Amino acid sequence: MSKNISAVKKLSRNLWWSWDTEAKELFKNLSPLLWEKVNHNPVELLRHISAEELEARCSCELGITIDQVSRRFEDYLADKNTWAANHAPQLLSRPVAYFSAEFGIHESVRIYSGGLGILSGDHIKSASDLGLNFIGVTLFYKEGYFRQYLNQDGWQNEDYPLQYPESLPVEKVTDEDGKDLIIELTIAQSTVYAQAWSLKVGRATLYLLDTNIPANEAHYREICSRVYGGDQNMRINQEILLGIGGVKLLKALKLDPAVYHMNEGHSAFLTLELLAEQLGKGLSYQEAKAKVKEQCVFTTHTPVPAGHDRFSRDMMSYTFSKYLGQIGIDFEDMMKLGAENPADTSGLFTMTVLALQLSRCANGVSKLHGEVSREMWKHLYGTDDPNQVPIGHITNGVHTRSWSSGFTDRFWKNHAESIEELFSSRESAETVLARVSDSELWCMRYRLKRNLMDYISRYLSNQLYHQHQYTPYKPADSSRSAKSILSPDVLTIGFARRFATYKRAPLIFQDLERLNAIVNNANMPVQIIFAGKAHPHDDAGKEYIRQIVEHSRRPQFLGKVIFLENYNIGVAKRLISGVDVWLNNPVRPMEASGTSGQKTVLHGGLNLSIMDGWWCEAYNGTNGWSIGSGEENDNYDEQYRIDAAHLYEVLEHQVIPTFYERNEHNIPVRWLKNVRNAIASIAPVYNTDRMVKEYTMRYYLNDQRP
Ligand SMILES: *Cc1c(COP(=O)(O)O)cnc(C)c1O
């Protein structure tokens, strides 16, 4: 094998390539058509490309690129002068262990469902970039999250394509003797076995536990089928595997984390295994609790009581009695750890309560969410005063390098040393922006929009083809040609996220007449692109999808309102880079943070959002728009009407006129001022480098509290 081919293979085994523009383009250029076919998966690409093609590509035109990219990759891995080395050297000898039920790192690794996973993925990438000694722990889902396709009526259907280890850059974890490392854990009356895999994410390692091995009963093999699949029983089993299995794995690897970070309550059972460890050393139960508390930090993500994982007393008893016997913890004592009212253990066991009780600090994911969480959990701390509740906040961000497209990256590199200059500080962002003229900025926008329109037209022809395979329905010609009507000259609004009902995807359709006037205004037209998946059990969310598809087929909206199937990281990257406006209209205060709007900023997109989550902090009157001013109403329908009215108002009077206000060169000067303000005020703050630094200084280093 030539030196170049082995270099490419090596690059494919570490997801670092997924946030390096040249590395991404290198894989694409090995075989552009195959690259699309394998869902941008280098491991699959290298399995399927012919030896001749690979040899030819590697030996001539791509040789220099391979050299350059490989050298940069090796330098990255070897770099000792990192942020962590300079600011948190205490943490270099022992790892931070970060537990999350999902990680959204790249579209080709389907172990995520939505925002929580994207956040974990962006967190581990920044931890790697900053040089933290960092380990992620999650499950290896064989089916991942579902692939969405719509039937002729616009109703969501799911299928679950399998993903195999040989198609992914995962390695089996082995023990000292080179044998497969198998973790054993007790669930109900059974012993369950888990194989461990590892996945390299730059300098960080993500471990994945996998029960889908012959040693297990079928019932337990399915724990690792689907992200958030199955019933309550499946859920508790997944959470035991993640928490307890994860701690056992780290112990088997002889890793001794400086801190355990629970990203959401799913992994909170890890505290039980840590308790077991302390009890095993001879500590009393109280001492053990205190010790575990010192080791753990917790991030909560759910601002509504109903959203928290809870398990019945019966289920807890059935699932844990044998395990508790093994580790020497009394069942009532365990129930107290998860009881909202410690004096009453007859009710549900709440994972968030367990996590809060056994962590040294806890945080919400935006300023507002911190406030909401303190109010929501104050009873646990025996106080009526939310200010007494020790839950802080660290606002979410995004891993900017991952979310910048090749085109955007090159654009900024023409004006700066690197894209980092745009998000390292406000001052440096402003310096870069001062070098960019309005016409250059507007050209970039136009190119990005045209790229998106081209992508959508290809995507839609597949989607329509696929939809009609399943039915004898012949597409109306109008809906087929509709796809070409999208125009880069038209103000384009994007809305894409999970179709949880509180996100209210169909809000903009509340008044069809008014929307018709907006969309079809001859001088100032608007087009809207939707995408998103509803959880397979969420019929209300699916109904929202169906409604939007129905609206999109009305004559007045045909070709102007589009629904794209199968939202995922790949689709997200296209949308956030191309749209002019990113729309976000959840019921305040239910969006703990939201991050998708942060991704659009460096591409010159602007946010139009309810005052909720991160937007409450970020909006300053000149960097996008707010829908209303933070109204809350206990009546869902009432709130819906109020927010819809505010949405129309701001669209009609601010967003649309600003976009279509042009100077003599047809450039929207005032719009671009907003774009500049958005970049300077948002990019340097709402990124995961800033976020992970904050976690490190305030939470991972033990010397400071919230
Ligand atoms: C960013 C992202 C999300 C999170 O979106 P929110 O704004 O937090 O709702 C969900 N899914 C995908 C695929 C994403 O890229």
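Rules used in this analysis
Residues numbered from 1 in each chain as written. Predicted model: local features only at pLDDT ≥ 70, side-chain atom pairs only at ≥ 80, totals over all residues. Heavy atoms only, no water. UniProt positions renumbered as here; feature names shortened; annotations may be inferred. Helix = DSSP H or I, 4+ residues; strand = E, 2+ residues; numbered from the N terminus. Buried < 20%, exposed > 50% of the residue type's maximum accessible area, 1.4 Å probe, protein only. Contact = heavy atoms within 4.5 Å. 1 Å grid on protein atoms, 1.4 Å probe; cavity = no way out; pocket = protein on both sides within 12 Å on 5 of 7 lines; lining within 4 Å. Points joined across faces, edges and corners; volume = space filled by probe spheres on them. Nonpolar A, V, L, I, M, F, W, Y, C, P; charged D, E, K, R; others polar. Domains from an automatic or database assignment. Buried area = accessible area lost by both parts, 1.4 Å probe. Near = heavy atom within 4 Å. Polar contact = N/O pair within 3.5 Å; in protein donor to acceptor, adjacent residues only side chain to side chain. Pairing = 2+ DSSP bridges. Right-handed = clockwise from strand over helix to strand, strands pointing away. Axes fitted to C-alpha atoms, helices over the stretch in contact; angles between N-to-C directions. Parallel < 35°, antiparallel > 145°, perpendicular 65-115°, else oblique. Left-handed = near helix turned anticlockwise from the far one by under 90°.

If you look the chain up in an unreviewed UniProt entry, it shows as Alpha-glucan phosphorylase from Chlorobaculum parvum. Recorded under Catalytic activity (unreviewed entry), the UniProt text for the chain is reproduced unchanged: "[(1->4)-alpha-D-glucosyl](n) + phosphate = [(1->4)-alpha-D-glucosyl](n-1) + alpha-D-glucose 1-phosphate". Among the UniProt annotations of the chain, the heading Sequence similarities (unreviewed entry) holds the following wording: "Belongs to the glycogen phosphorylase family."

> How should the environment of I419 be read in this particular structure?
Looking at the secondary structure, you find I419 in the loop between α18 (406-413) and α19 (420-424). Given the relative accessible area of 4%, I419 is considered buried. With 240 residues separating them along the chain, I419 and K179 place their C-alpha atoms 44 Å apart. The residues touching I419, leaving out its near neighbours within four places in the chain, are S404, D409, W412 and L602.

> Sorry if this is basic, but what is going on with the environment of A500 here?
With respect to the element layout, A500 can be found in the loop between β15 (491-496) and α23 (512-519). C-alpha separation for the pair A500 and Y544, spaced 44 residues apart in sequence, amounts to 9.2 Å.

> Looking at this structure, I do not really get empty space enclosed by the protein. What am I missing?
Unfilled space is identified by rolling a water-sized probe across the atoms. Applying the stated criterion across every chain, the model contains two cavities of 30 Å³ or more. Approximately 100 Å³ is the volume found for the largest cavity. In terms of lining residues, the largest cavity is bounded by 13 residues, among which V398, T400, Q598, K599 and L602 are the most central. Of all elements in the fold, only α17 (400-403) and α26 (596-599) reach the threshold of two or more residues within the lining of the largest cavity. Its residues assigned to classes, the lining of the largest cavity comprises seven nonpolar, five polar and one charged. One number sums up the size of the second largest cavity: a volume of about 60 Å³. Looking at the second largest cavity, the residues that line it are A101, L139, Y141, Y228, R235, Q238, E239, L242 and H266. Counting residues per element, the lining of the second largest cavity draws most heavily on helix α10 (residues 232-252), at four residues. Considering only residue class, the lining of the second largest cavity consists of five nonpolar, two polar and two charged.

> Can you walk me through helix α11 (residues 270-280) in this structure?
Every α-helical turn comprises 3.6 residues, leaving residues that sit three or four positions apart pointing alike. Along α11, nine of the eleven residues are buried, which leaves the element largely enclosed by surrounding structure. Among the residues of α11, L270, T271, L272, E273, L274, L275, A276, Q278 and L279 are the ones counted as buried. G282 occupies a position one or two residues after α11 and carries a positive phi of about 95°.

> Please clarify how the domain arrangement of the chain should be interpreted in this entry.
When the parts of a complex come together, some accessible area is lost, and that lost area is often used as the size of the interface. Each assigned domain of the chain is listed with its residue range as follows: domain 1 (3-78), domain 2 (83-396 + 692-700) and domain 3 (401-686). Centre-to-centre, using C-alpha coordinates, domain 2 lies 33 Å away from domain 3. In this complex, domain 2 contributes 39 residues to the contact, which on the side of domain 3 involves 46 residues. Interface of domain 2 and domain 3: buried area, both sides summed, is about 3,300 Å²; carbon and sulfur atoms make up 58% of it.

> Please clarify how the UniProt feature "modified residue: N6-(pyridoxal phosphate)lysine" (unreviewed entry) in the chain should be interpreted in this entry.
Residues annotated in UniProt with the feature "modified residue: N6-(pyridoxal phosphate)lysine" (unreviewed entry) correspond here to K599. Relative to the helices and strands, K599 is located in helix α26. K599 gets classed as buried once you look at its relative accessible area, which sits at 7%. Apart from the residues lying within four places of it in its own chain, the contact partners of K599 are I118, V398, W403 and I576.

> Please clarify how the environment of S593 should be interpreted in this entry.
Counting through the fold element by element, S593 comes out in the loop between β18 (581-584) and α26. As a C-alpha pair, S593 and S626 span 33 residues in sequence and 15 Å in three-dimensional space.

> When you look at the UniProt feature "domain: DUF3417" (unreviewed entry) in the chain in this model, what are you seeing that I'm missing?
The UniProt record marks residues 2-108 with the feature "domain: DUF3417" (unreviewed entry), using the residue numbering of this structure. From the first C-alpha to the last, residues 2-108 spans 26 Å; its make-up is 59% helix and 4% strand.

> In this structure, what is going on with the site of the ligand? I would like to understand it.
In the vicinity of the ligand, 14 residues are found, and the nearest of them are K503, G594, T595, S596 and K599. Within the contact set of the ligand, an oxygen atom lies 3.1 Å away from a backbone nitrogen or oxygen of T595. In the environment of the ligand, an oxygen atom lies 2.6 Å from a nitrogen or oxygen atom belonging to the side chain of K599. Looking at the shell around the ligand, the elements that each hand over two or more residues are α8 (115-130), α25 (569-578) and α26. Its residues placed into classes, the shell around the ligand shows five nonpolar, six polar and three charged. Shared between two domains, the shell around the ligand takes at least three residues from each, and those domains are domain 2 (83-396 + 692-700) and domain 3 (401-686).

> I keep staring at the pairing of strand β17 (residues 561-564) and nothing clicks. Help me out?
On a regular strand, one side chain projects to one face of the sheet and the next to the other, so that they alternate. The side-chain alternation of β17 yields two buried faces, one formed by V561 and F563 and the other by I562 and L564. Examined bridge by bridge, strand β16 (residues 526-531) and β17 share four bridges and lie parallel to one another. If you follow I528 over to β17, its bridge partner there is V561. Of the crossover connections in this fold, the one passing from β16 over helix α24 (residues 539-552) to the parallel β17 is right-handed.

> Looking at this structure, how should I read the packing of α10 against α11?
Two numbers describe how α10 lies on α11: the axes approach to 6 Å, and their chain directions differ by 45°. In terms of their interaxial angle, α10 and α11 are classed as oblique. Crossing handedness for the pair α10 and α11: right-handed. Contacts between α10 and α11 involve G243, I244, V247, K248 and K251 on the former and, on the latter, L270, E273, L274 and E277. Of the residues that constitute the contact of α10 with α11, the class distribution is four nonpolar, one polar and four charged.

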